[in-house]
Amino acid sequence: MLDRLSSSQQDLESEELREDAATAGCTRIGDCQDREIVTVTGTLRTVTQRPRAGVPALEAELFDGSAALDVVWLGRRSITGIEPGRKLIASGRIAMSRGRRVLFNPKYELRPLGRE
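In this text the structure is predicted, and so the values were computed from the model without any measurement.

Caption draft 1: Focus on the side chain of Asp 20. Mapped onto the elements, Asp 20 comes out in helix H2 (residues 9–23). Judged by its relative accessible area of 14%, Asp 20 is buried. Among the polar contacts listed, one links the side chain of Asp 20 to the side chain of Arg 111, at a separation of 3.3 Å.

Caption draft 2: Here's a closer look at the nonpolar core. Counting residues in each nonpolar core, the largest one holds 18 residues, and the members touching the most others are Val 40, Leu 62, Leu 69, Trp 73 and Ile 82. Among the secondary structure elements, those contributing two or more residues to this core are strand S1 (37–49), strand S2 (57–63), strand S3 (68–74) and strand S4 (87–97). Among residues more than four places away in sequence, those in contact with Trp 73 are Pro 56, Ala 57, Leu 58, Ala 60, Ile 79, Ile 82, Asn 105, Pro 106 and Tyr 108.

Caption draft 3: Representation of the environment of Glu 83 in the model. For Glu 83, the position within the fold is in the loop between S3 and S4. For the pair formed by Glu 83 and Val 40, sequence separation is 43 residues and the distance between their alpha carbons is 17 Å. Apart from the residues lying within four places of it in its own chain, the contact partners of Glu 83 are Leu 44 and Val 47.

Caption draft 4: Inspection of the pattern of salt bridges at higher detail. In total, this model carries 7 salt bridges according to the counting rule given. A salt bridge links Arg 111 to Asp 20; the shortest N-O distance between them is 3.3 Å. Pair noted here: Arg 111 is in the segment after strand S6 (107–110) and Asp 20 is in helix H2, with a separation of 91 residues, a long-range link. Close ionic contact of Glu 59 with Arg 50 constitutes a salt bridge, the shortest N to O distance being 3.0 Å.

Caption draft 5: Geometry of the side chain of Glu 59. Turning to its location among the elements, Glu 59 is positioned in strand S2. We classify Glu 59 as buried; its relative accessible area is 8%. Among the polar contacts made by the side chain of Glu 59, one reaches the side chain of Arg 50 at a distance of 3.0 Å. Residues contacting Glu 59, with those up to four places away along its chain left out, are Thr 46, Val 47, Thr 48, Arg 50, Arg 52, Val 71 and Val 72.

Parameters at a glance
Along each chain, numbering runs from 1 in the same order as the chain's sequence is written. With the structure being a predicted model, the display of local features is reserved for residues of pLDDT at least 70 and the display and counting of side-chain atom pairs for 80 or more, all residues being used for whole-chain, interface and lining totals. Hydrogens and waters are ignored; side-chain quantities use all the structure's heavy atoms. The helix and strand labels rest on DSSP assignments: H or I over at least four residues marks a helix, E over at least two residues marks a strand, and numbering proceeds from the N terminus. In this scheme, a residue with accessible area under 20% of its type's maximum is buried, one over 50% is exposed, and one in between is partly exposed, where area comes from a 1.4 Å probe on protein chains only. Think of a polar contact as two N or O atoms within 3.5 Å of one another; within protein, one of them needs to be a possible hydrogen donor and the other a possible acceptor, and neighboring residues in sequence only count if both atoms come from side chains. Working definition of a nonpolar core: buried Ala, Val, Leu, Ile, Met, Phe, Trp, Tyr and Cys residues. They are joined through side-chain atoms within 4.5 Å. Residue contacts are counted whenever heavy atoms from the two residues lie within 4.5 Å of one another. When a carboxyl oxygen of Asp or Glu lies within 4 Å of a side-chain nitrogen of Lys or Arg, that pair is called a salt bridge.

Structural data, given as C-alpha cells:
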C-alpha cells in the first residue's frame, strides 16, 4: 500500500498496463525478440501519418508498461478507432527498424472504451 502511495501516476499506469497484458495472455513488448510472431496489447500513445518509401503509412506507438513498439499500417492514411489513448491487441511478426520494435500491418482488435 505504501508503495502505491509513493509511486508516480506514470508508474501506476505502467503497472496497470503490465497486469492487463498478463491477464489478456499477451506477450510483454519488452520480451519480444526480432522475427518473433507475437500478440501484444497496450495503449496507443501517438498516432501519425508518415509516408514510407513514397507509400502512405499510419504509424502508432503502442505501450504496455514494459516497453513500446511501433505499429505501422502501410497504404493507410487513417483507420477508424486508431487514436491516441485507445487500447488494442495486435498480432504479427516483430521486426527491428532503427533499434525499435515494429509490427507491420498487424491483425488488431480494438479494446472496449469502457474498460479505462
